[in-house]
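# An overview of the molecular structure
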Amino acid sequence: MPRKYQFPFELRHLIYFREVAEKLHFRRAAESLAVAQPALSRQIAQFEAALGVALFRRSSRKVELTAAGQRLATEVEPLLQSLAAVPAALRAVAEGQVGHIRISFTGLAMATVLPALLREFHKQHTGIRLELNESPTSTQLQALLSGEISCGFFHPEGTTPGLETKLLLQERNGVLLPADHPLTSHNPLKLKDLEKTPFVLFPRSFNPGYYDRTLAAFAEAGVTPQIAEEVWPRANGIGLVRAGLGAMLLCESEAKQLPAEVVFRKLIGPAPDSRLVVGWKRGTDDAALRKFLALVTR
């Protein structure tokens, strides 16, 4: 046992001291504790010897606290109350009444399923704190395996050993154009129509699967894409489209709230799809997380 936790007294000594300090009468304190008065007197004497200080001044007429006893009396009650609260606090954690869930997400999740889930979960479980952080798929996978996050909303890359996932969304992509782009008058469009339009993508390392599906769709359409920029997060890509630097692929569910400077158009023919899953570490025993996952996967 670490030396700093090797105490020269036991919990019962604190309980006995508290009772005597409150009543300032050994007989009444002994009756309250259901112990014999001589035994209580011996326990208090042992406690004082272990601490190396006198806690009480005793006389034939009264019992008084010393200065050291007064100091301990102010500290012992909060200490005992905190210890008494430990079992209930642990049961609350085990039952998922309280907890802390660390959640990572991508822009697709926040633009589609996540806000409603967060709102509903907060209504049902006010004692559970949700900590949110936006990060790309590749970062989330590493953080899940290392235990840095509780669950993630990301774009699947096949199966990852040690993780479980549930598909939440799979949707065909359309295209986001600057509002003054000459092709905004057409709906739907084909990727072939956009062969002269630069595109804003994101770094392949963040989500290789979607990136490769995107290039495969261009190839199937007979188009070599002009990549103007590769940026992350997705909101930055939308900003570049607003600035007129190019077009951007995204699914229709993400296009419900867009600034006036951009226009969403559907695509026919070859086009990638966006996929969103919730993922968590297999075998989790976190009751709060299990409640959150129950809502998400319902």
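Model, not experiment: these values are computed from the prediction.

What follows deals with the overall build of the protein. For the protein, the helix and strand inventory stands at 10 helices and 11 strands. Compactness check: the protein gives a C-alpha radius of gyration of 32 Å against a globular reference of 19 Å for 298 residues, more than 25% above the reference. Dimensions of the protein, computed from C-alpha atoms along their principal axes, come out at roughly 105 × 40 × 35 Å. Counting only residues that meet the buried cut, the protein has 41% of its 298 residues in that class. On the protein, roughly 16,200 Å² of surface is accessible, and the fraction owed to carbon and sulfur atoms is 53%.

Here we come to the pattern of salt bridges. Counted according to the given criterion, the structure contains 19 salt bridges. Here glutamate 22 makes a salt bridge to lysine 23, at a shortest N to O gap of 3.5 Å. Among the ionic contacts, a cluster of salt bridges with common partners joins Arg18, Glu19, Glu22, Lys23 and Glu77.

Our focus in this paragraph is the nonpolar core. Ile101, Cys151, Phe153 and Phe292 are the most contacted members of the largest nonpolar core, which has 23 residues in total. Residue assignment for this core shows that the elements contributing at least two residues are β3 (99-105), α5 (107-111), α6 (114-124), β5 (151-154), β11 (273-281) and α10 (287-296). Top contributing element to this core by residue count: α10, with six residues. Not counting residues within four places of it along the chain, the set of residues in contact with cysteine 151 comprises Arg102, Ile103, Ser104, Leu144, Gly279, Trp280, Leu289, Phe292 and Leu293.

Attention now goes to the packing of aromatic side chains. Applying the stated criterion across every chain, the model contains 11 aromatic pairs. Ring geometry for phenylalanine 17 against phenylalanine 56: centres 5.5 Å apart, planes inclined by 45°, an arrangement best described as tilted. Of this pair, phenylalanine 17 sits in helix α1 (residues 11-23) while phenylalanine 56 is found in strand β1 (residues 56-58), placing the two residues 39 residues apart along the sequence. As far as burial versus exposure is concerned, phenylalanine 17 and phenylalanine 56 are alike and both buried. The interplanar angle of 90° and the centroid separation of 5.2 Å between the aromatic rings of phenylalanine 121 and phenylalanine 292 together place this pair among those described as edge-to-face. Taken as a pair, phenylalanine 121 in helix α6 and phenylalanine 292 in helix α10 lie far apart in primary sequence, 171 residues in all.

Moving on, we come to the packing of helix α2 (residues 26-33) against helix α3 (residues 37-51). Geometry of a packed helix pair, given as the angle between the helix axes and the separation of the axes. As a packed pair, α2 and α3 sit with axes 9 Å apart at the nearest point and diverge in direction by 105°. Looking at the two axes, α2 sits roughly perpendicular to α3. Contacts between α2 and α3 involve Phe26, Arg27, Ala29, Ala30 and Leu33 from the former and Gln37, Leu40, Ser41 and Ile44 from the latter. A breakdown of the residues in the contact of α2 with α3 according to their chemical character gives six nonpolar, two polar and one charged.

What follows concerns the pairing of strand β7 (residues 198-201). Pairing geometry for β7 and strand β8 (residues 226-230), over four bridges, is parallel. Residue pairing for β8: valine 200 is matched across the bridge by glutamate 229. Note that the unit made of β7, helix α8 (residues 208-220) and β8 has a crossover that is right-handed.

Moving on, we come to unusual backbone geometry. The omega angle of the peptide bond from asparagine 187 to proline 188 is 5°, so this bond is cis rather than trans. Tracing the sequence through the fold places proline 188 in the loop between β6 (163-178) and β7. Going from tryptophan 232 to proline 233, the amide bond is cis rather than trans, its omega being 0°. With respect to the helices and strands, the residue proline 233 is situated in the loop between β8 and α9 (234-242). Residues other than glycine seldom take positive phi values, yet leucine 24 does so here, at roughly 50°. Tracing the backbone shows leucine 24 in the loop between α1 and α2. Its relative accessible area of 35% is what places leucine 24 among the partly exposed residues. The phi dihedral of alanine 34 falls on the positive side, at around 60°, and the residue is not glycine.

About the cut-offs
- Residues numbered from 1 in each chain as written.
- Predicted model: local features only at pLDDT ≥ 70, side-chain atom pairs only at ≥ 80, totals over all residues.
- Heavy atoms only, no water.
- Helix = DSSP H or I, 4+ residues; strand = E, 2+ residues; numbered from the N terminus.
- Rg over C-alpha atoms; globule rule 2.2 N^0.38 Å.
- Buried < 20%, exposed > 50% of the residue type's maximum accessible area, 1.4 Å probe, protein only.
- Areas by Shrake-Rupley, 256 points an atom, 1.4 Å probe, with all protein chains shown as cover.
- Salt bridge = Lys/Arg side-chain N within 4 Å of Asp/Glu carboxyl O.
- Core = buried A, V, L, I, M, F, W, Y, C linked by side-chain atoms within 4.5 Å.
- Contact = heavy atoms within 4.5 Å.
- Phe/Tyr/Trp six-rings, centres within 6.5 Å; stacked < 30°, edge-to-face > 60°.
- Axes fitted to C-alpha atoms, helices over the stretch in contact; angles between N-to-C directions.
- Parallel < 35°, antiparallel > 145°, perpendicular 65-115°, else oblique.
- Nonpolar A, V, L, I, M, F, W, Y, C, P; charged D, E, K, R; others polar.
- Pairing = 2+ DSSP bridges.
- Right-handed = clockwise from strand over helix to strand, strands pointing away.

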